[in-house]
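# Coordinates in review
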Amino acid sequence: MTNQLKGWKKKMFILKDKTQLERAIEKAKKMRPTVKFDHFGRYRVSGSKGGFYTVICKKSDNGFKLIECTCKGAERGLVCYHAVSALSLHIGLARQRRTA
Ligand SMILES: [Zn+2]
């Protein structure tokens, strides 16, 4: 686990580009990645070449959803399908929390 964190770079993007987001959702539907729950706000999503990417979901002060992913796409500022896969789980959990 410690070795995996070596290449960890903090990259995040704000969900505001709807087209990019829709594309990522389409890809997520095709790829159907496995999303593993670490703890609330932190997930691991399977990549196309095996292995898992860590995705962090949180809310910024101004109410935007912030997502970080450890994959190459996110490094280039792209909304990746790992992020949207984790986000759908995250939103579901957040909803449960609010109603609990
Ligand atoms: Zn990613």
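What follows covers helix H3 (residues 81–99). Taking 1.5 Å of rise per residue, 19 residues should cover 27 Å, and H3 covers 27 Å from first to last C-alpha, within 8% of that figure. For H3, the set of buried residues is Tyr81, His82, Ala83, Val84, Ser85, Ala86, Leu87 and His90.

On to the pairing of strand E2 (residues 35–39). Buried residues are scarce in E2, accounting for zero of its five residues. With four bridges connecting them, E2 and strand E3 (residues 42–46) associate as antiparallel partners. By the bridge assignment, Lys36 is partnered in E3 with Arg44.

Attention now moves to the packing of helix H1 (residues 18–31) against H3. Helix packing geometry: the angle between the two helix axes and the distance between the axes. One can describe the packing of H1 onto H3 by two numbers: an axis separation of 8 Å at closest approach and a directional angle of 80°. The pairing of H1 with H3 is recorded here as roughly perpendicular in orientation. From H1, Leu21, Ala24, Ile25, Lys27, Ala28 and Met31 reach across to H3, where they touch Tyr81, Ala83, Val84 and Ser85. A class-by-class count of the residues in the contact of H1 with H3 yields eight nonpolar, one polar and one charged.

This paragraph deals with the confidence of the model for the chain. Per-chain confidence: the chain averages 84 in pLDDT, with 82% of residues scoring 70 or above. The lowest-confidence element of the chain is strand E1 (residues 12–14), averaging 60 in pLDDT; the highest-confidence one is E3, averaging 97. Per-residue pLDDT stays below 50 along residues 1–8; that stretch engages in one contact with residues further than four places along the chain or on separate chains.

Okay, the pairing of strand E5 (residues 65–69) next. With five bridges joining them, strand E4 (residues 52–59) and E5 adopt antiparallel strand pairing. By the bridge assignment for E5, Lys58 is matched with Leu66. What sits between E4 and E5 in their antiparallel hairpin is a turn of five residues, with Gly63 showing a positive phi close to 90°.

Outside of glycine, negative phi angles account for most residues, and trans bonds account for most peptide bonds. Positive phi outside glycine occurs at Arg32, with the angle close to 45°. Topologically, Arg32 is positioned in the loop between H1 and E2. Take Arg32: there are 10 C-beta atoms within 10 Å of it, and that puts it in the exposed class.

Time to look at the nonpolar core. Membership of the largest hydrophobic core comes to 18 residues, with the highest contact counts inside it found for Ala24, Val55, Cys69, Cys80, Ala83, Val84 and Ala86. Those elements that provide at least two residues to this core are H1, E3, E4, E5 and H3. In terms of residues, this core owes the most to one element, H3, which gives five residues. Sequence-distant contacts of Cys80, that is, excluding residues within four places in its chain, are made with Ala24, Cys69, Cys71, Gly73 and Ala74.

What counts, and at which threshold
- Residues numbered from 1 in each chain as written.
- Predicted model: local features only at pLDDT ≥ 70, side-chain atom pairs only at ≥ 80, totals over all residues.
- Helix = DSSP H or I, 4+ residues; strand = E, 2+ residues; numbered from the N terminus.
- Expected span 1.5 Å × (residues − 1).
- Buried ≥ 20, exposed ≤ 12 C-beta atoms within 10 Å, placed from the backbone.
- Pairing = 2+ DSSP bridges.
- Axes fitted to C-alpha atoms, helices over the stretch in contact; angles between N-to-C directions.
- Parallel < 35°, antiparallel > 145°, perpendicular 65-115°, else oblique.
- Contact = placed C-beta atoms within 7 Å.
- Nonpolar A, V, L, I, M, F, W, Y, C, P; charged D, E, K, R; others polar.
- pLDDT = per-residue confidence, 0-100.
- Core = buried A, V, L, I, M, F, W, Y, C linked by C-beta atoms within 7 Å.

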